[in-house]
Amino acid sequence: MSVSSQDKVPVQTPSEIWKGVAVAVGLAVVIVAAAKASGDVAARVFDSWSQINEARAFKAGEPEALLTGRVAASLFAFQAVTVGSLLLLNALRRRVSGLPFLNFGMPPGGIKTLLLSIVALAALAMAFASFVFVFNPEALKHDLQPFAEMMTSRTWWLILIAAGIGAPLAEECLFRGLLFKALRPSPLGFAGTAFVTAITWAVLHANYSPYGVAAITLIGLYLAWLRERTGTLLTPVVCHGAYNSLIILAMAFSGGGSLG
């Protein structure tokens, strides 16, 4: 697999490179802050609309469905602001320099590359999960339990959409798109860029156990490698989406909250 011609950048001076890194990091911080604020607002609006905190009689399963809907509303708002902001910035950069930082072209090898990438990610994740299960099975329960409990509600499919579509688009555009594009020409090179984007991505999942954060970091390194090798964001987006969707579907159709 080779890097797409769309992913090539002109020669830059060190000062231009670091200026680009500073701008990208600043934009990423602003976008995440705005997205988080939007998620908080969406949760409050949902609370008001659903009257979830009111003292009233709930139908069977209604509290669980509303709580899941609340989480989904917050995630959708966060993801919409993130993706919308990055698409706007990408359009502006395309107009100014002709060098967008988001490239969703089909990777070399097409569907075969996408499928093989998904299989490799699934194998990597299963191997790490097996390692964690041997040494600390409680860590797996800690990381999966919140999602598993939501899988028992009738609105579980909202989480599937948020995790399988929204999260891959928002997170890959931000970390393997904006930040990767800015850092890659720097002295960090590919290895340093992959590590930095993986670690910063893992920070978004700081509520996970140490094993969970390590898993996110490992997956982030793999997704950065895919980004480098295929020259397109489509590969990490599809892999990320397939991975998340498989986990959600597995929990939804295996008893959901039975982790117990």
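Residues numbered from 1 in each chain as written. Predicted model: local features only at pLDDT ≥ 70, side-chain atom pairs only at ≥ 80, totals over all residues. Heavy atoms only, no water.

Quick word on the packing of helix α4 (residues 137-150) against helix α8 (residues 234-252)
Which entries qualify depends on this criterion: Angular values range over 0 to 180 degrees, each being the angle between N-to-C directions of two axes fitted as lines to C-alpha atoms, with helices fitted over their stretch in contact. Secondary structure elements are defined from DSSP: runs of H or I of at least 4 residues count as helices, runs of E of at least 2 residues count as strands, and each element is numbered from the N terminus. Handedness of a crossing is defined here by the sense of rotation of the near helix relative to the far one, left-handed for an anticlockwise turn of less than a right angle and right-handed for a clockwise turn. The contact rule is simple, with two residues in contact once any of their heavy atoms fall within 4.5 Å. Basically, the charged four are Asp, Glu, Lys and Arg, the nonpolar ten are Ala, Val, Leu, Ile, Met, Phe, Trp, Tyr, Cys and Pro, and anything else, Gly included, counts as polar.
At a minimum axis distance of 9 Å, the contact between α4 and α8 shows a crossing angle of 65°. Judged by the sense of rotation from one axis to the other, the crossing of α4 with α8 is right-handed. Judged by residue contacts, Leu144, Phe147 and Ala148 of α4 engage Ile247, Ile248 and Met251 from α8. When its residues are assigned to classes, the contact of α4 with α8 shows six nonpolar, no polar and no charged.

Remarks on the pattern of salt bridges
Operational definition: For this document, the term salt bridge refers to a Lys or Arg side-chain nitrogen within 4 Å of an Asp or Glu carboxyl oxygen. Here the term buried applies to any residue with accessible area under 20% of the maximum for its type, exposed to any over 50%, and partly exposed to those in between, with areas from a 1.4 Å probe on protein chains only.
Within the structure shown, the criterion is met by five salt bridges. For Glu172, the salt bridge is made with Arg176, and the minimal N-O distance between the two is 2.8 Å. In this pair, Glu172 and Arg176 both sit in helix α5 (residues 156-183), four residues apart, roughly one turn of the helix. Of the two residues, Glu172 and Arg176, both sit in the buried class. The partner of Arg184 in a salt bridge is Glu228, and the shortest N-O contact between them spans 2.8 Å. Of the two residues, Arg184 is situated in the loop between α5 and α6 (189-203) and Glu228 in helix α7 (residues 210-230); the sequence distance between them amounts to 44 residues. Arg184 sits in the partly exposed class, given a relative accessible area of 29%.

Quick word on a nonpolar patch on the surface
We apply this condition: Think of a patch as exposed residues, more than 30% relative accessible area, with no salt bridge, where like charges cluster within 9 Å and nonpolar side chains (Val, Leu, Ile, Met, Phe, Trp, Tyr) cluster within 5 Å. The accessible surface values rely on the Shrake-Rupley method and a 1.4 Å probe; as for residues, cover is taken only from the protein chains in view.
On the surface, a nonpolar cluster with roughly 580 Å² of combined accessible area is contributed by Trp18, Leu188, Phe195, Val196, Ile199, Val203 and Leu221. A per-element tally of the nonpolar patch places α6 first, with four residues. Within the fold, Leu188 resides in the loop between α5 and α6.

Remarks on the nonpolar core
Condition: Side-chain atoms within 4.5 Å link the members of a nonpolar core, which is a set of buried Ala, Val, Leu, Ile, Met, Phe, Trp, Tyr and Cys residues.
Formed by 24 residues in total, the largest nonpolar core has its most connected members in Leu86, Leu102, Leu174, Leu178, Trp201, Leu223 and Cys239. In this structure, Ala72, Ala148, Trp156 and Ile248 belong to the second largest nonpolar core, which totals 11 residues.

With respect to the layout of surface pockets
Put simply, the rule is: Only protein atoms enter the calculation, which uses a 1 Å grid: trapped sets of points that fit a 1.4 Å probe without letting it out are cavities, open sets showing protein on both sides within 12 Å along at least five of seven lines are pockets, and any residue with an atom within 4 Å of a point is a lining residue. Grid points are joined across faces, edges and corners, and a volume is the space filled by probe spheres set on the points.
The calculated volume of the second largest pocket comes to roughly 510 Å³. As for the second largest pocket, its lining consists of 22 residues, and the residues nearest its centre are Gln12, Gly20, Val23, Arg93 and Ala182. Sorting the residues of the lining of the second largest pocket by element identifies α1 (14-50), α2 (62-97) and α5 as the ones contributing at least two each. For the lining of the second largest pocket, the leading source of residues is α1, giving eight residues. Along the lines of polarity and charge, the residues of the lining of the second largest pocket split into 15 nonpolar, three polar and four charged.

A short note on the packing of aromatic side chains
Note the threshold: Aromatic pairing here means that ring centres of Phe, Tyr or Trp (its six-membered ring) are within 6.5 Å. Orientation follows from the plane angle: under 30 degrees is stacked, over 60 is edge-to-face, and everything else is tilted.
For the structure shown, the criterion picks out six aromatic pairs. The interplanar angle of 40° and the centroid separation of 6.2 Å between the aromatic rings of Phe128 and Phe131 together place this pair among those described as tilted. Taken together, the positions of Phe128 and Phe131, both in helix α3 (residues 111-135) and three residues apart, correspond to about one turn of that helix. Centroid distance Trp156 to Phe253: 5.7 Å. Interplanar angle 80°. Geometry classified as edge-to-face. Here Trp156 is found in helix α5, whereas its partner Phe253 is found in the segment after α8, with 97 residues between them in sequence. For Phe253, a relative accessible area of 64% gives the class exposed. In textbook terms, an aromatic cluster arises when at least three aromatic residues are bridged by ring pairs, as seen for Phe128, Phe131 and Phe135.

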